[in-house]
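Per-entry structural report
One letter stands for each residue in the lines below.
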Amino acid sequence: MQVEEIYLNLRDKLGDVMPEGEILLKAEVAAEIQKLKVERDAVILGHNYMEPALFHSVPDFQGDSLELSRRAAETDKSVIVFCGVRFMAETAKILNPSKTVLLPTEKGGCSLAESITAADVRALRAAYPGVPIVTYINTYADVKAECDICCTSSNAVAVVESLKSDTVIFLPDEYLARNVARETGLHVIVPSVLPKPGAPRPGTDVEHVMVAWKGRCEVHELFTTEDIDSVRKQFPDVMILAHPECSPEVVAKADFSGSTTAMIKAVEKSNAKRYLLLTECSMGDNIVAANPEKEMLRLCSHRCPHMHEITLEQTRDSLRYMRWVIDVPEEIRVRALKSVERMLAVGPKID
Ligand code: SF4
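What counts and what doesn't
- Residues numbered from 1 in each chain as written.
- Predicted model: local features only at pLDDT ≥ 70, side-chain atom pairs only at ≥ 80, totals over all residues.
- Helix = DSSP H or I, 4+ residues; strand = E, 2+ residues; numbered from the N terminus.
- Rg over C-alpha atoms; globule rule 2.2 N^0.38 Å.
- Buried ≥ 20, exposed ≤ 12 C-beta atoms within 10 Å, placed from the backbone.
- Contact = placed C-beta atoms within 7 Å.
- Domains from an automatic or database assignment.
- Nonpolar A, V, L, I, M, F, W, Y, C, P; charged D, E, K, R; others polar.
- Pairing = 2+ DSSP bridges.
- Axes fitted to C-alpha atoms, helices over the stretch in contact; angles between N-to-C directions.
- Core = buried A, V, L, I, M, F, W, Y, C linked by C-beta atoms within 7 Å.
- Near = placed C-beta within 6 Å.
- Expected span 1.5 Å × (residues − 1).
- Right-handed = clockwise from strand over helix to strand, strands pointing away.

1. As for the overall build of the protein
Counting its secondary structure elements, the protein contains 15 helices and 13 strands. Relative to a compact globule of 351 residues, whose C-alpha radius of gyration would be 20 Å, the protein shows 21 Å and is just as compact. If one aligns the C-alpha atoms of the protein with their principal axes, the spans along those axes are about 65 × 55 × 30 Å. Counting every position in the protein, which comprises 351 residues, the buried fraction comes to 51%. Considering only contacts in the protein between residues 6 or more positions apart, those separated by 24 or more positions represent 67%.

And the structure:
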């Protein structure tokens, strides 16, 4: 695609929020990326939290972690550039060991992925032998390797239900665990210390138990029920959508809760007068750009610092210098792959 075409597309989508000169500069970088993409035989995957100029110009596929995992599994390109954070790029590598996977930042962390280690999972398995362990996709490969099955916020309920077990260990997002437990009828326990091997079965006084972990998303934990009350007072006709990484109290007060892609679909289908998204702010900007007729309340100030590291310039340099290459040791990869493949088998399928 030429600069002119990209510029017109970006101006159409972002003209209300970005100065013309900046749009032109972004279009020039995006055109360089399109050229490099062909030279390197690369595919670009863009998470819903990417900055709008990137999100609306270079990704071949956009979506949440589940959709992008599926796209990564299907690609025939030699190089995958993952515009997201490290655990996402690792998942692409787990699914595509023979391909080069690039992350456009050297860091790309995540407070959830960093909240748990493989040793923590081994300790939980020793304490509760035979109890299935589900891990959210927001974990590193060595943690996935110790678990039985992965899930994303799109399919967490379906994954837990597929296990048909009255006790489940769900790691590492405490809030997602509590939100899933509410939907699946499980009673949640969050151990304050790691249990020792041979510890008594948790929650012996209740029938269905979920053992959770103290991980939190540093962005979604910032939303409060007071935010919701104050917005509803000013805009009684607002539709409020909350990501399930928000606290259960926030989710209970929202009108809808679901993954980033489920939120996008809900906004597109709804005829509400206006919307408030309780999630990473770039996503609200991206939805507005794609649906200019929808009124989005722009009260968001919670940008994920890790997603924010990825820019068009970083993406161009990633392809130009073939950096930063994501590797997963083979012994860990094959075990992590089992957890990811079990999740992909549960669904749901994407269009
Ligand atoms: S938004 Fe939260 S869960 Fe997503 S990458 Fe940032 S810190 Fe991690």
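2. Focus: the domain arrangement of the protein
Looking at the assigned domains, one finds that the protein contains domain 1 (3–109 + 308–321), domain 2 (113–216) and domain 3 (220–303). Contacts between domain 1 and domain 2 engage eight residues on the former and 10 residues on the latter. Among the elements of the structure, α4 (65–74) and α5 (86–95) are those that each provide at least two residues to the side of domain 1 that touches domain 2. Per element, the largest residue contribution to the side of domain 1 that touches domain 2 is four residues, and it comes from α5. Among the residues making up the side of domain 1 that touches domain 2, the classes are represented as three nonpolar, three polar and two charged.

3. Considering the sheet that holds strand β3 (residues 79–83)
Taking strand neighbours across the sheet as the criterion, the four strands line up as β2-β1-β3-β4 in an open arrangement whose pairing is parallel. Edge positions in the sheet fall to β2 (61–63) and β4 (100–102), since each has one partner strand and no second. Between one strand axis and the next, the sheet turns through 20 degrees on average, direction left out of account. Pairing geometry for strand β1 (residues 42–47) and β3, over five bridges, is parallel. The residue of β3 that forms the bridge with Gly-46 is Cys-83. Packing against the sheet, α5 makes contact with β1, β3 and β4, and its axis sits at approximately 155 degrees to β3.

4. Some points on the nonpolar core
Phe-82, Val-134, Phe-170, Met-210 and Leu-278 are the most contacted members of the largest nonpolar core, which totals 110 residues. Top contributing element to this core by residue count: helix α2 (residues 20–40), with seven residues.

5. Some thoughts on the site of the ligand
As a structural note, the neighbourhood of the ligand is formed by Val-85, Cys-110, Ser-111, Leu-112, Asn-138, Cys-217, Glu-218, Val-219, Glu-280, Cys-304, His-306 and Met-307. Classifying every residue of the shell around the ligand gives seven nonpolar, three polar and two charged.

6. Regarding helix α15 (residues 330–346)
With 17 residues, α15 extends 24 Å from end C-alpha to end C-alpha; this agrees with the ideal 24 Å at 1.5 Å per step. Listed in full, the buried residues belonging to α15 are Arg-333, Ala-336, Ser-339, Val-340 and Met-343. On its buried side, α15 packs onto α4, α5, β5 (133–136), α7 (141–146), β6 (149–151) and α8 (156–162). Following α15 by one or two positions, Gly-347 adopts a phi angle in the positive range, close to 90 degrees.

7. Observations concerning the pairing of strand β10 (residues 238–242)
Summarising burial for β10: four of the five residues are buried, a large majority. Pairing of β10 with strand β12 (residues 274–278), which is carried by five bridges, proceeds in the parallel orientation. In the strand pairing of β12, Val-238 is matched with Arg-274. Summarising the sheet, β10 and strand β11 (residues 256–257) pair through two bridges and their orientation is parallel. For Ala-242, the partnering residue across the bridge sits in β11 and is Ser-257. Read as a crossover between parallel neighbours, the route from β10 over helix α11 (residues 248–253) to β11 is right-handed.

8. Details of the environment of Ala-290
The topology assignment puts Ala-290 in helix α13 (residues 281–290). Judged by C-beta crowding, with 16 C-beta atoms within 10 Å, Ala-290 ranks as partly exposed. For the pair Ala-290 and His-56, spaced 234 residues apart in sequence, the C-alpha to C-alpha distance is 8.6 Å.

9. Concerning the pairing of β3
Burial analysis of β3 places five of its five residues in the buried class, the great majority of the element. Alternating positions in β3 separate into two faces, Val-79, Val-81 and Cys-83 on one and Ile-80 and Phe-82 on the other, with burial throughout. With three bridges joining them, β3 and β4 adopt parallel strand pairing. Within β4, the position partnered with Val-79 by the bridge is Thr-100. Each parallel crossover has a hand, and for β3 linked through α5 to β4 it is right-handed.

10. A short note on the sheet that holds β10
As summarised here, the arrangement of the four strands in space is β11-β10-β12-β13, forming an open sheet in which the pairing is parallel. If you trace the sheet from one side to the other, it starts and ends with β11 and β13 (295–296), each paired once. Two elements, β12 and β13, share two bridges in a ladder whose sense is parallel. Across the sheet, the residue bridging to Tyr-275 is Met-296, located in β13.

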